[in-house]
Amino acid sequence: MVTTALAWATSAQADTCAESTTCSTTVTFTVNAGEGLEISVPDGPVSLGSGQPGDQVSGQLHVVTVMDQRAALNATWTASVYGTPLTTGGGTSAETVPLSALSYWSGPATATTGAGTFVPGQPAAADAQVLDEVYTAFSKINGAGDNSASWNPTIVIDVPAQAVAGTYTGTISHSVA
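Keep in mind it's a predicted model, so treat the numbers as computed, not measured.

> Just to check I follow, could you spell out the layout of surface pockets for this structure?
By volume, the largest pocket amounts to about 840 Å³. The wall of the largest pocket is formed by 32 residues, among which V46, L48, L86, I157 and Y168 lie closest to the centre. Among the elements of the structure, strand 13 (154-158) and strand 14 (172-176) are those that each provide at least two residues to the lining of the largest pocket. For the lining of the largest pocket, the per-class residue count stands at 19 nonpolar, 12 polar and one charged.

Set out below in structure tokens:
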């Protein structure tokens, strides 16, 4: 004697449709957001060169990159930049390059990924900003999904006429939101 057991599985079904009728099944999947929105800056110290009192010294900071892995519908962001005075020795007035003598220009993007419009804060040297307040370094103004932008900003220092000899140190800070 052979015994047969039947089990009825209750699985999800789309529709039950009559002959010559289209039946539809809803399909879903999930897009996971990555690490979020972050900015990477060059390791320091970065030497911008040397000059005499009254000279202008300039050099590139090296590549700054914004990575947007939020997978957002409105994937816009703004990277900001600001600086601190540069000092040597005891930081007296003769040992300080004030922010009014420190300028920044982002230049164009060196690389981008993703869809949207990437906008340099200061596309050319003539657009350089004195770093006496927070300025936009770069931004993305439209587009969706993951994206990134890199640029290699130039720092310009007007060495004060009363500057004393020494290695001057300060910071250039970037943030993104």
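> Just checking my understanding: could you explain the state of the cysteines for this structure?
Among covalent bonds in proteins, the disulfide is the one between the sulfur atoms of two cysteines. For the structure shown, the criterion picks out one disulfide. In this model, C17 is linked to C23 through a disulfide, with the two sulfur atoms separated by 1.6 Å. For C17, a relative accessible area of 29% translates into the label partly exposed.

> How should the sheet that holds strand 13 be read in this particular structure?
Across a sheet, paired strands are connected by hydrogen bonds in the backbone, their directions being either parallel or antiparallel. Across the sheet, which stays open at both edges, the four strands sit in the order 2-13-7-10 with antiparallel pairing between neighbours. With one partner strand each, in any of the chains shown, strand 2 (56-60) and strand 10 (129-130) form the two edges of the open sheet. One ladder, built from two bridges, connects strand 7 (residues 102-105) with strand 10; its direction is antiparallel. Each bridged residue has a counterpart across the sheet, and for Y104 the counterpart in strand 10 is Q129.

> I tried to follow the sheet that holds strand 1 (residues 37-40) on my own but got confused; where do I start?
Pairing within the open sheet is antiparallel, and its four strands lie in the order 1-3-12-8. The outermost strands of the open sheet, each flanked by one partner alone, are strand 1 and strand 8 (109-113). Across this sheet, the average inter-strand angle for adjacent strands is 10°, counted without regard to direction. Where strand 3 (residues 64-68) and strand 12 (residues 147-151) come together, five bridges link them in antiparallel fashion. By the bridge assignment for strand 12, V66 is matched with A149.

Criteria and cut-off values
- Residues numbered from 1 in each chain as written.
- Predicted model: local features only at pLDDT ≥ 70, side-chain atom pairs only at ≥ 80, totals over all residues.
- Heavy atoms only, no water.
- 1 Å grid on protein atoms, 1.4 Å probe; cavity = no way out; pocket = protein on both sides within 12 Å on 5 of 7 lines; lining within 4 Å.
- Points joined across faces, edges and corners; volume = space filled by probe spheres on them.
- Helix = DSSP H or I, 4+ residues; strand = E, 2+ residues; numbered from the N terminus.
- Nonpolar A, V, L, I, M, F, W, Y, C, P; charged D, E, K, R; others polar.
- Disulfide = S-S within 2.5 Å.
- Buried < 20%, exposed > 50% of the residue type's maximum accessible area, 1.4 Å probe, protein only.
- Pairing = 2+ DSSP bridges.
- Axes fitted to C-alpha atoms, helices over the stretch in contact; angles between N-to-C directions.

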